[in-house]
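Close look at the chain arrangement
Residue strings, one per chain:
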Amino acid sequence: MKRIAILTGGGDAPGLNAVIRAVVKTACQEFTCEVLGVRDGFDGFVDPGGVFPLGMQDVRGILPRGGTILGTANRGNPFARKVKRNGVETIEDTSQQVIENIQ
């Protein structure tokens, strides 16, 4: 494995920052993997800048912080994503875009 992504979804839970830190440290130090962070659950795979490199410097000092440094979304559904087009809210299937962005 050369690259992994971390995504937090379903709402905040105590200890998520500790898990993120542990994954980044282990992946970088023991397996020389590149780690990517995904902002705001599955929304990060569609939103600009939603996927970004996550390194040791990014997880330094996050243990006492509450929540998750990645953000979360318990509403994220790439198969039925609410979007506004010309002021009208519609539902779109963005799963293909998610797949392309993951690749």
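All of the points below concern the structure found in this document.

The rules behind each value
Residues numbered from 1 in each chain as written. Predicted model: local features only at pLDDT ≥ 70, side-chain atom pairs only at ≥ 80, totals over all residues. Heavy atoms only, no water. Core = buried A, V, L, I, M, F, W, Y, C linked by side-chain atoms within 4.5 Å. Buried < 20%, exposed > 50% of the residue type's maximum accessible area, 1.4 Å probe, protein only. Helix = DSSP H or I, 4+ residues; strand = E, 2+ residues; numbered from the N terminus. Salt bridge = Lys/Arg side-chain N within 4 Å of Asp/Glu carboxyl O. Pairing = 2+ DSSP bridges. Axes fitted to C-alpha atoms, helices over the stretch in contact; angles between N-to-C directions. Contact = heavy atoms within 4.5 Å.

**Looking at the nonpolar core**
In this structure, Ile 4, Ile 6, Ile 20, Val 24, Ala 27, Cys 33, Val 35, Phe 52, Leu 54, Val 59, Ile 62 and Leu 70 together form the largest nonpolar core, which totals twelve residues. Every element with two or more residues in this core is listed here: β1 (3–7) and α1 (16–30). The element that contributes the greatest number of residues to this core is α1, accounting for three residues.

**Regarding the pattern of salt bridges**
Enumeration according to the criterion identifies four salt bridges in this entry. The salt bridge partner of Arg 81 is Asp 43, with a shortest N-O separation of 3.5 Å. With Arg 81 in strand β4 (residues 81–85) and Asp 43 in the loop between β2 (34–38) and β3 (51–53), the pair connects residues that are 38 residues apart, well separated along the chain. You'll find Arg 81 and Asp 43 in the same group, each marked buried. Its salt-bridge partner being Arg 81, residue Asp 47 comes within 2.6 Å of it at the nearest N-O pair. Of the two residues, Asp 47 is situated in the loop between β2 and β3 and Arg 81 in strand β4; the sequence distance between them amounts to 34 residues. Its relative accessible area of 32% is what places Asp 47 among the partly exposed residues.

**Focus: the sheet that holds β1**
The three strands are arranged β1-β2-β3 in an open sheet whose pairing can be described as mixed. The outermost strands of the open sheet, each flanked by one partner alone, are β1 and β3. Neighbour-to-neighbour, the strand axes of the sheet open up by a mean angle of 30 degrees, direction not taken into account. The pairing of β1 with β2 spans five bridges and is classified as parallel. Residue pairing across strands places Ile 4 opposite Val 35, the latter belonging to β2. Across the sheet, α1 lies against β1 and β2, angled at about 175 degrees from β1, the strand it touches most.

**Observations regarding the pairing of β4**
Judged from the five bridges that link them, β4 and strand β5 (residues 88–92) form a sheet pairing that is antiparallel. Residue Arg 85 lies in a different strand from β5, and its bridge partner there is Val 88. Counting the residues that bridge the hairpin from β4 to β5 gives two residues, and of these Asn 86 lies at a positive phi of roughly 55 degrees.

**Describing the environment of Gly 67**
Mapped onto the fold, Gly 67 is located in the loop between α2 (56–59) and β4. Residue classification places Gly 67 among the partly exposed positions, given a relative accessible area of 25%. Along the backbone, Gly 67 and Arg 85 are 18 residues apart, and their C-alpha atoms lie at a distance of 31 Å.

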